[in-house]
Amino acid sequence: MDDYWKQLRWIANRRAWVAISGDIKIIVSENTYDQHLKAHFARLGVGRQTWYKIMQDAHDEWQRQRDITAQLETDLDYWQNLKEPGIQLISLVQLSKK
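Each chain carries its own residue numbering, running from 1 in the direction its sequence is written. Local features are withheld for residues below a pLDDT of 70 in this predicted model, meaning they are given only at 70 or higher, and side-chain atom pairs are given and counted only at 80 or more; totals for whole chains, interfaces and linings count all residues. Just so you know, side-chain values use all the structure's heavy atoms and leave hydrogens and water out.

A.B. asks: Talk me through the overall build of the protein chain; I want residue IDs and the actual numbers.
C.D. replies: A count of helical and extended segments in the protein chain gives four helices and three strands. Strands are runs of DSSP state E lasting at least 2 residues, helices are runs of H or I lasting at least 4, and numbering of each runs from the N terminus. In sequence order, the secondary structure elements of the protein chain are arranged as β-β-β-α-α-α-α. Its C-alpha atoms give the protein chain a radius of gyration of 28 Å, more than 25% over the compact-globule value 13 Å for 98 residues. Reported as C-alpha extents along the three principal axes, the dimensions of the protein chain are approximately 85 × 30 × 25 Å. Burial status across the protein chain gives 7% buried among its 98 residues. A separation of at least 24 residues holds for 2% of the contacts in the protein chain among residues at least 6 apart in sequence. For the radius of gyration, the atom set is restricted to C-alpha positions; the globular benchmark scales as 2.2 Å times the number of residues to the power 0.38. For every residue, the accessible area (1.4 Å probe, protein chains only) is compared with the maximum for its type, and the residue is labelled buried under 20%, exposed over 50%, or partly exposed between those bounds. Contact between two residues is taken to exist if any of their heavy atoms lie within 4.5 Å; hydrogens are not considered.

Shown next, in the form of structure tokens:
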């Protein structure tokens, strides 16, 4: 037997979770599985969220960080006033006169 069935797997057409342990097939109804999963999360003190909610939160956080990054990238006065070796200021007026 391959390892695939050594954990519960969702079987949509049976609306159940199925696994095989040795010579025993374990079939867990959708409702029973959900009840036990909810209790497992609660025991661990973990809030259960949908995939969509997790992805929406991740997207919102990415957008927040992107907005903060854009604030720094567009603050050219900040960059012009830094005196660090990794920053070069080149006058374009002098370049255009050459």
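So that's the structure; there's more coming.
A.B. asks: Please set out the sheet that holds strand β1 (residues 9-11) residue by residue, giving values where relevant.
C.D. replies: When DSSP finds two or more bridges between two strands, those strands count as paired. With respect to topology, three strands assemble into an open sheet ordered β1-β2-β3, the strand pairing being antiparallel. Edge positions in the sheet fall to β1 and β3 (24-29), since each of these pairs with one other strand and no more. Strand-to-strand twist in this sheet, taken as the mean axis angle between neighbours without regard to direction, amounts to 35 degrees. Sheet topology note: the β1/strand β2 (residues 16-21) ladder contains three bridges and is antiparallel. Within the sheet, the bridge partner assigned to W10 lies in β2 and is W17. Where helix α1 (residues 30-44) meets the sheet, its contacts fall on β1, β2 and β3, and the angle it forms with β3 comes to roughly 80 degrees. Axis definition: a line fitted to C-alpha atoms, over the contacting stretch in the case of helices. Angles run 0 to 180 degrees between N-to-C directions.

A.B. asks: Account for a nonpolar patch on the surface, naming residues and giving values.
C.D. replies: Patch rule: a residue counts if its relative accessible area is over 30% and it has no salt bridge; like charges are joined within 9 Å, and nonpolar side chains (Val, Leu, Ile, Met, Phe, Trp, Tyr) within 5 Å. In this description, accessible areas are obtained by the Shrake-Rupley approach with a 1.4 Å probe, and a residue is regarded as covered only by the protein chains that are shown. Just to be clear on terms, a salt bridge is a Lys or Arg side-chain nitrogen sitting within 4 Å of an Asp or Glu carboxyl oxygen. A surface patch of nonpolar side chains, about 490 Å² in accessible area, is lined by W51, Y52, I54 and M55. Along the chain, the position of M55 falls in helix α2 (residues 51-74).

A.B. asks: Which residues make up the pairing of β3, and what values do they have?
C.D. replies: Judged from the six bridges that link them, β2 and β3 form a sheet pairing that is antiparallel. Its bridge partner being in β3, I20 is matched across the sheet by K25.

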